[in-house]
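What follows is the residue order along each chain.
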Amino acid sequence: MPHYHLDHLDQLESEAIFILRETAAQFQNPALLFSGGKDSIVMAHLAAKAFWPARIPFPLLHVDTGHNFQETLDYRDAFVEKLGARLVIGSVQESIDSGRVKEEKGPFASRNGLQTVTLLDTIEARKFDACLGGGRRDEEKARAKERFFSHRDEFGQWDPKQQRPELWNLFNGKYHPGEHFRVFPLSNFTEMDVWMYIQREGIELPSLYFSHERDVFFRNGSLLAVSEFIPMLDTEKAERKTVRFRTIGDITCTGAVESPAATLEEVIAEVAAARQTERGTRADDKRSETAMEDRKREGYF
């Protein structure tokens, strides 16, 4: 009888597919949170494999801040069409227009934090009882506290001290009316694992992840893209640089890195040598020492 050896990517893939299928089995109306970033792309790719030859049995949910990179939106639409998936869009602009949130003012304003209300409103309106997220434990210290099945109360809040045990990969998805879960199939992937899996699977990514020329400027240690959405200070100067993005989000807080890496092989080599986490380029994580955990407690991704 032949012996098949599973490498670590096979094991991570198998674990993620198990979590995806468990989510479909335990919940009535799940959704997959899709940002157009590499982690959500990998998660959607895994979902397509998990339920093949059927289509993904739940919609992709994108919270649109209105301040996205155009490359991300173009990729999102093409990717969803290729998968034959359903797309649900929650609009931060609609949340602002309806008075649900108040837009920040000034040169440091960002809509990134406003996404939480839009997300929770969309979850309530669509009656989603589980939202699959691409968060990984190596990204940030608050995300390292997450379980695979992460309970949220009726206000969408997360309490890291009240998480349920997950012994022997047994997951408790029971919830009271109004509550929901966030589910993280990629929890045990690292950034390097994600890149190696993308290479192995031949997954196409947005061009933002690869070296290109762009007008950027430095602000508080982050290299931000020049954009109509970010007022520059008199002391700030736009420069044309060769950059790429390690993570993709709202343009007002997503920092670039100077890089010549234009291929997957070059990106993987660069990630292997990096000494800063990918979220180290995110300006929104620098607002306070507990920025991510505070937002997660309020209902953020």
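Sequence positions are assigned chain by chain, starting from 1 and proceeding in written order. With the structure being a predicted model, the display of local features is reserved for residues of pLDDT at least 70 and the display and counting of side-chain atom pairs for 80 or more, all residues being used for whole-chain, interface and lining totals. The basis for the side-chain values is all heavy atoms of the structure; hydrogens and waters are excluded.

1. What to know about the overall build of the protein
A tally of regular secondary structure across the protein gives eight helices and 10 strands. Note on classification: 1.4 Å probe, protein chains only; a residue is buried when its accessible area is under 20% of the maximum for its type, exposed when over 50%, partly exposed between these limits. Counting the 301 residues in the protein, one finds 54% classified as buried. Contacts were defined at the residue level, with two residues in contact if any of their heavy atoms lie within 4.5 Å. Contacts spanning at least 24 positions in sequence make up 73% of the contacts within the protein whose residues lie at least 6 apart. In this text, helices come from DSSP runs of H or I with a minimum length of four residues, and strands from runs of E with a minimum of two, each type numbered from the N-terminal end.

2. Digging into the sheet that holds strand β3 (residues 87–91)
Two strands qualify as a pair provided that DSSP identifies no fewer than 2 bridges between them. Strand order in the open sheet formed by six strands is β3-β2-β1-β4-β6-β5, and the pairing between neighbours is mixed. Single-partner strands in this sheet number two, and they are β3 and β5 (149–152). Averaged over neighbouring strand pairs, the angle between their axes works out to 30 degrees when direction is ignored. Relative to strand β6 (residues 180–183), strand β4 (residues 130–132) runs parallel, the two being bridged by three bridges. Lines are fitted to the C-alpha atoms to define the axes, a helix being fitted only along its stretch in contact, and any angle between axes, read from their N-to-C directions, falls within 0 to 180 degrees.

3. Some points on the layout of surface pockets
Considered as a void within the structure, the largest pocket measures approximately 430 Å³ in volume. The set of elements that each furnish at least two residues to the lining of the largest pocket consists of α2 (38–51) and α3 (70–83). Looking at the lining of the largest pocket element by element, the count peaks at five residues for α3. Only Asp, Glu, Lys and Arg are considered charged in this grouping, and only Ala, Val, Leu, Ile, Met, Phe, Trp, Tyr, Cys and Pro are considered nonpolar; every other residue, Gly among them, is considered polar. Taken together, the residues of the lining of the largest pocket break down into 10 nonpolar, two polar and five charged. The rule is simple: put a 1 Å grid over the protein atoms alone, call a set of points where a 1.4 Å probe fits but cannot get out a cavity, call an open set with protein on both sides within 12 Å along at least five of seven lines a pocket, and count a residue as lining if it has an atom within 4 Å of a point. Grid points are joined across faces, edges and corners, and a volume is the space filled by probe spheres set on the points. Considering only enclosed or pocket space, the second largest pocket measures out at about 370 Å³ in volume.

4. Brief notes about the packing of helix α6 (residues 191–201) against helix α7 (residues 264–273)
Contact geometry for α6 and α7: axes closest at 10 Å, N-to-C directions at 165 degrees. One element, α6, and the other, α7, form an angle in the roughly antiparallel class. As for how α6 packs across α7, the hand of that crossing is left-handed. Along its contact with α6, which presents Glu-191, Met-192, Trp-195, Met-196, Ile-198 and Gln-199, the element α7 presents Leu-264, Glu-265, Val-267, Ile-268, Val-271 and Ala-272. Its residues assigned to classes, the contact of α6 with α7 comprises nine nonpolar, one polar and two charged. Any angle from 65 to 115 degrees is called roughly perpendicular, while one under 35 is roughly parallel, one over 145 is roughly antiparallel, and all others are oblique. In this scheme, a crossing is called left-handed if the near helix is turned counterclockwise away from the far one by less than a right angle; it is called right-handed if the turn is clockwise.

5. Comments concerning the nonpolar core
Residues grouped as a nonpolar core are buried Ala, Val, Leu, Ile, Met, Phe, Trp, Tyr and Cys residues, joined through side-chain atoms within 4.5 Å. Among the nonpolar cores identified, the biggest contains 57 residues, and Leu-32, Leu-46 and Trp-195 are the most heavily contacted of them. The biggest single contributor to this core is α2, with nine residues. Segmentation into domains, and thus their bounds, comes from an automatic or database assignment. Looking at this core, you find at least three residues from each of domain 1 (8–194 + 290–298) and domain 2 (206–285). Those residues within four positions of Leu-32 in sequence are excluded, and the remaining contacts are Ser-40, Met-43, Ala-44, Ala-47, Phe-58, Pro-59, Leu-60, Leu-61 and Leu-132.

6. Side note on the environment of Glu-154
Assignment of secondary structure puts Glu-154 in the loop between β5 and β6. Judged by its relative accessible area of 48%, Glu-154 falls in the partly exposed class. Residues Glu-154 and Glu-179, 25 residues apart in the sequence, show an inter-C-alpha distance of 4.4 Å. Apart from the residues within four sequence positions on either side, Glu-154 is in contact with Gly-178 and Glu-179.

7. Concerning the side chain of Asp-250
When you line up the elements, Asp-250 lands in the loop between β9 (239–245) and β10 (256–258). A residue counts as positive if it is Lys or Arg and as negative if it is Asp or Glu; His and the chain ends are not included. Definition used for salt bridges: Asp or Glu carboxyl oxygen within 4 Å of a side-chain nitrogen of Lys or Arg. Buried charge without a partner: Asp-250 forms no salt bridge, and the closest opposite charge is Arg-111, 6.4 Å away. For this analysis, a polar contact is any N or O atom pair within 3.5 Å, provided that within protein one partner can donate a hydrogen and the other can accept it, and provided that sequence-adjacent residues contribute only side-chain to side-chain pairs. At 2.4 Å, the side chain of Asp-250 forms a polar contact with the side chain of Thr-252. The contacts of Asp-250, once residues within four sequence positions are left out, are Thr-65, His-67, Ser-110, Arg-111 and Asn-112.

8. Considering the pattern of salt bridges
Applying the stated rule across the entire model yields 21 salt bridges. Asp-121 is paired through a salt bridge with Arg-100; the nearest N and O atoms lie 2.8 Å apart. Taken as a pair, Asp-121 in helix α5 (residues 115–126) and Arg-100 in the loop between α4 (92–97) and α5 lie far apart in primary sequence, 21 residues in all. A relative accessible area of 22% places Asp-121 in the partly exposed class. Three or more residues joined by partner-sharing salt bridges are found here, namely Asp-7, Asp-10, Glu-13, Lys-49, Arg-200 and Glu-201.

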